[in-house]
Amino acid sequence: MGQVQQKRRAVLIVEDDADLRSLTAALFEDEQLDTIVCESAEAALAVMLIGGREVAMIFADIRLPGAMDGVDLSWEVKLRWPLLPIILTSGHPLERIRELPPGVAYVPKPWQPLNVLKRIERHSLSTGS
């Protein structure tokens, strides 16, 4: 008899630097995680509005092109999907850190792949997803 194969949920990566976006996606894919990539907060929000059920976590840069940055995106997402884990990153120390919504984690750039994976595991477990 046929079995229904459950689709895995993905990490939504929001990064405007194409090389870093590709590197981050490769890191998560090496860990058997599906990825969706966007280069702006507006594109990421559109992905969430269209198919947010497919997203298990957001990993986003704070500085992004467009009207919204990563902090704005995290507030919008937390209003609509309060339990969705979000990790923000930036190469500019403590940039807008005090403005992060409760429950949003921060990883400074340059980050080490193993540290990001540990943070994701810890953040996912603490939010119950």
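Each chain carries its own residue numbering, running from 1 in the direction its sequence is written. It should be noted that, the model being predicted, local features are given only for residues of pLDDT at least 70 and side-chain atom pairs only at 80 or more, the latter also being counted only at that level, while totals for whole chains, interfaces and linings use all residues. With hydrogens and water stripped out, all remaining heavy atoms of the structure feed into the side-chain values.

### Points about the overall build of the protein chain
The numbering of helices and of strands both runs from the N terminus, where a helix is a DSSP run of H or I of at least 4 residues and a strand a run of E of at least 2. When helices and strands are counted, the protein chain shows four helices and five strands. What you see in the protein chain, going N to C, is helices and strands ordered as β-α-β-α-β-α-β-β-α. Counting over 129 residues, the protein chain shows a buried share of 43%. Long-range contacts, defined as pairs at least 24 residues apart, comprise 64% of the intrachain contacts of the protein chain with a sequence gap of at least 6. A 1.4 Å probe rolled over the protein chains alone gives each residue an accessible area, and that area as a share of the maximum for its type sets the label: buried under 20%, exposed over 50%, partly exposed in between. Contact definition: two residues touch when any of their heavy atoms are within 4.5 Å.

### Looking at the packing of helix α2 (residues 41-51) against helix α3 (residues 70-80)
Two numbers describe how α2 lies on α3: the axes approach to 10 Å, and their chain directions differ by 15°. In terms of their interaxial angle, α2 and α3 are classed as roughly parallel. As for how α2 packs across α3, the hand of that crossing is right-handed. When α2 is examined against α3, the residues A41, A44, L45 and L49 are found in contact with a partner set consisting of L73, E76 and R80. Each residue receives one of three labels: charged for Asp, Glu, Lys and Arg, nonpolar for Ala, Val, Leu, Ile, Met, Phe, Trp, Tyr, Cys and Pro, and polar for the others, Gly being one of them. Considering only residue class, the contact of α2 with α3 consists of five nonpolar, no polar and two charged. With axes taken as lines fitted to C-alpha atoms, and helix axes fitted only over the stretch in contact, angles between N-to-C directions fall between 0 and 180 degrees. Here is the rule for angles: anything less than 35 degrees is roughly parallel, anything more than 145 is roughly antiparallel, 65 through 115 is roughly perpendicular, and the remaining ranges are oblique. Less than a right angle of anticlockwise turn of the near helix away from the far helix marks a crossing as left-handed, whereas a clockwise turn marks it as right-handed.

### Notes on the packing of aromatic side chains
Each aromatic ring pair is summarised here by two numbers: the centre-to-centre distance and the angle between the ring planes. Centre distance within 6.5 Å is the pairing criterion for rings of Phe, Tyr and Trp, where only the six-membered ring of Trp is used; planes under 30 degrees apart are then read as stacked, over 60 as edge-to-face, and the remainder as tilted. Enumeration over the complete set of coordinates arrives at two aromatic pairs. Centre to centre, the rings of F59 and W111 are 5.7 Å apart; their planes meet at 85°, and the pair counts as edge-to-face. A residue pair is termed long-range when its members are at least 10 positions apart, and F59 in strand β3 (residues 55-61) and W111 in the loop between β5 (105-108) and α4 (113-127) qualify at 52 residues. For the residue pair F59 and W111, the accessibility class agrees, reading buried in each case.

### Some details on helix α1 (residues 18-30)
To estimate how far a helix should reach, multiply one less than its number of residues by 1.5 Å. For α1, which comprises 13 residues, the first-to-last C-alpha distance of 18 Å matches the rise-based estimate of 18 Å (1.5 Å per residue) to within 8%. Phi for Q32, located one or two positions after α1, is positive at around 65°.

### Notes on the pairing of strand β2 (residues 34-38)
Sheet topology note: the strand β1 (residues 10-14)/β2 ladder contains five bridges and is parallel. Each bridged residue has a counterpart across the sheet, and for L12 the counterpart in β2 is I36. Note on handedness: a crossover is taken as right-handed if, strands pointing away from the viewer, the path from the first strand over the helix to the second is clockwise. Since β1 and β2 lie parallel, the crossover through α1 that links them has a hand, and here it is right-handed. Think of it this way: DSSP has to see at least two bridges between two strands before they count as a pair.

### Remarks on the side chain of S40
Structurally, S40 is set in the loop between β2 and α2. Looking at S40, the relative accessible area reads 13%, which means it is buried. In contact with S40, other than residues within four places in its own chain, are V14, L64 and P65.

### Things to note about the nonpolar core
The tendency in soluble globular proteins is for nonpolar side chains to be buried as a group. Only buried residues count toward a nonpolar core, which is a set of Ala, Val, Leu, Ile, Met, Phe, Trp, Tyr and Cys residues joined through side-chain atoms within 4.5 Å. One finds L12, V14, I58, L73 and L88 to be the most contacted residues of the largest nonpolar core, which totals 22 residues. Looking at this core, the elements with two or more residues in it are β1, α2, β3, α3 and β4 (86-90). Of all hydrophobic cores here, the second largest spans 14 residues; its members include A25, L27, F28 and M57.

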